[in-house]
Amino acid sequence: MIRKATAADLPGVEAIYNAILDREEQGPVYTNWQRGKYPTADTARAALEAGTLYVGEEGGALWGVVNLNGDQLPEYDAIPWSIPARRDQVGVIHTLCIHPNWSGRGLARELAAFCETECRRQGKTVIRLDTWEGNLPANRLYPSIGYRYAGAAEFFFMGFIHETLNCYEKLL
């Protein structure tokens, strides 16, 4: 089941972030995240307070998390998007992640499909996202489920991570 997160979910969300970082310490690295800087419990709390944090759960265990809103980073303005939309018509997927113990089960696809359905429910006409150029699983996943590669740009994420992010879009 995928649902809006509650305050009681925050420790489990943080545990997902930390499990991904723990796994990446062993290699390979797919996220370019920095422990203690992004994502953190505060990142999740801010999304929760904004009403945009969703979790995937089975049998009381959280298997995934996503922040779904309309916030487009300033660097999005440099991307040659092919699907025209006003800012209020765009849904944006942020930090979609699956706990490593649950990976390989199609849950990222399920969470992305949920995001698309939720954006349609909110009246959005297009969905966008970005992912680090080195995130091979995500860069394979999104085109396989109908997202179009729109371009890449250098981002200075949160003022401390310089990275090239690939951007994707899908008509809803």
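Let me begin by describing the structure that accompanies this report. From a predicted model like this one, the values you see are computed outputs, not experimental measurements. (Residues numbered from 1 in each chain as written. Predicted model: local features only at pLDDT ≥ 70, side-chain atom pairs only at ≥ 80, totals over all residues. Heavy atoms only, no water.)

**Observations concerning helix H4 (residues 136-144)**
Buried within H4 are the following residues: Ala138, Asn139, Leu141 and Tyr142. Seen along its axis, H4 keeps its buried residues to an arc of 165°; they face one direction. Buried residues along H4 sit against strand E4 (90-98), helix H3 (107-121), strand E5 (126-132) and strand E7 (161-171). Sitting at the head of H4, Asn135 places a side-chain oxygen 3.1 Å from the backbone nitrogen of Ala138. At the exit of H4 stands Gly146, carrying a positive phi of roughly 95°. (Buried < 20%, exposed > 50% of the residue type's maximum accessible area, 1.4 Å probe, protein only. Helix = DSSP H or I, 4+ residues; strand = E, 2+ residues; numbered from the N terminus. Arc of directions from axis to C-beta. Contact = heavy atoms within 4.5 Å. Polar contact = N/O pair within 3.5 Å; in protein donor to acceptor, adjacent residues only side chain to side chain.)

**Details of the packing of aromatic side chains**
Tallied over the entire structure, the rule returns 8 aromatic pairs. When the ring of Tyr142 is compared with that of Tyr147, the centres are 5.4 Å apart and the planes differ by 75°; the resulting orientation is edge-to-face. Judged by its relative accessible area of 5%, Tyr142 is buried. If you follow Arg128 out to its NZ or CZ, it ends over the ring of Trp81, 4.3 Å from the centre. (Phe/Tyr/Trp six-rings, centres within 6.5 Å; stacked < 30°, edge-to-face > 60°. Lys NZ or Arg CZ within 6 Å of the ring centre and 35° of its normal.)

**Looking at H3**
Relative to the 21 Å expected for 15 residues at 1.5 Å per residue, H3 spans 21 Å between its end C-alpha atoms, a close match to the ideal helical length. Leu107, Leu111, Ala112, Phe114, Cys115, Glu116, Glu118 and Cys119 are the residues of H3 that are buried. On its buried face, H3 is in contact with strand E1 (2-4), strand E2 (53-58), strand E3 (61-69), E4, E5 and E7. Downstream of H3 by a residue or two, Gly123 has a phi angle that is positive, lying close to 85°. (Expected span 1.5 Å × (residues − 1).)

**Section: the pattern of salt bridges**
Scanning the entire structure with this criterion turns up 10 salt bridges. Here Asp22 and Arg35 are joined by a salt bridge, their closest N and O atoms 2.7 Å apart. Of the two residues, Asp22 is situated in helix H1 (residues 10-26) and Arg35 in the loop between H1 and helix H2 (41-50); the sequence distance between them amounts to 13 residues. For Asp22, a relative accessible area of 37% corresponds to the partly exposed category. Notably, a salt bridge pairs Asp88 with Arg86, separated by 3.1 Å at the nearest N-O pair. Residue class for Arg86 comes out exposed when judged on its relative accessible area of 52%. Three or more residues are tied together by salt bridges with common partners; here these are Arg3, Asp9 and Glu57. (Salt bridge = Lys/Arg side-chain N within 4 Å of Asp/Glu carboxyl O.)

**Structural notes on the nonpolar core**
Core analysis: the biggest nonpolar cluster contains 23 residues, and Val66, Leu68, Ile93, Leu96, Ile127, Tyr142 and Tyr147 have the highest contact counts within it. Those elements that provide at least two residues to this core are E3, E4, H3, E5 and H4. Counting residues per element, this core draws most heavily on H3, which supplies 6 residues. The residues touching Leu96, leaving out its near neighbours within four places in the chain, are Val65, Val66, Ala108, Leu111, Ala112 and Tyr142. (Core = buried A, V, L, I, M, F, W, Y, C linked by side-chain atoms within 4.5 Å.)

**Looking at empty space enclosed by the protein**
Tallied over the entire structure, the rule returns 1 cavity of 30 Å³ or more. By volume, the largest cavity amounts to about 50 Å³. As for the largest cavity, its lining consists of Tyr17, Tyr38, Thr43, Ala44, Ala47, Leu53, Val65, Val66, Asn67, His94 and Thr95. For the lining of the largest cavity, the elements supplying multiple residues, two or more each, are H2, E3 and E4. By residue class, the composition of the lining of the largest cavity is 7 nonpolar, 4 polar and no charged. (1 Å grid on protein atoms, 1.4 Å probe; cavity = no way out; pocket = protein on both sides within 12 Å on 5 of 7 lines; lining within 4 Å. Points joined across faces, edges and corners; volume = space filled by probe spheres on them. Nonpolar A, V, L, I, M, F, W, Y, C, P; charged D, E, K, R; others polar.)

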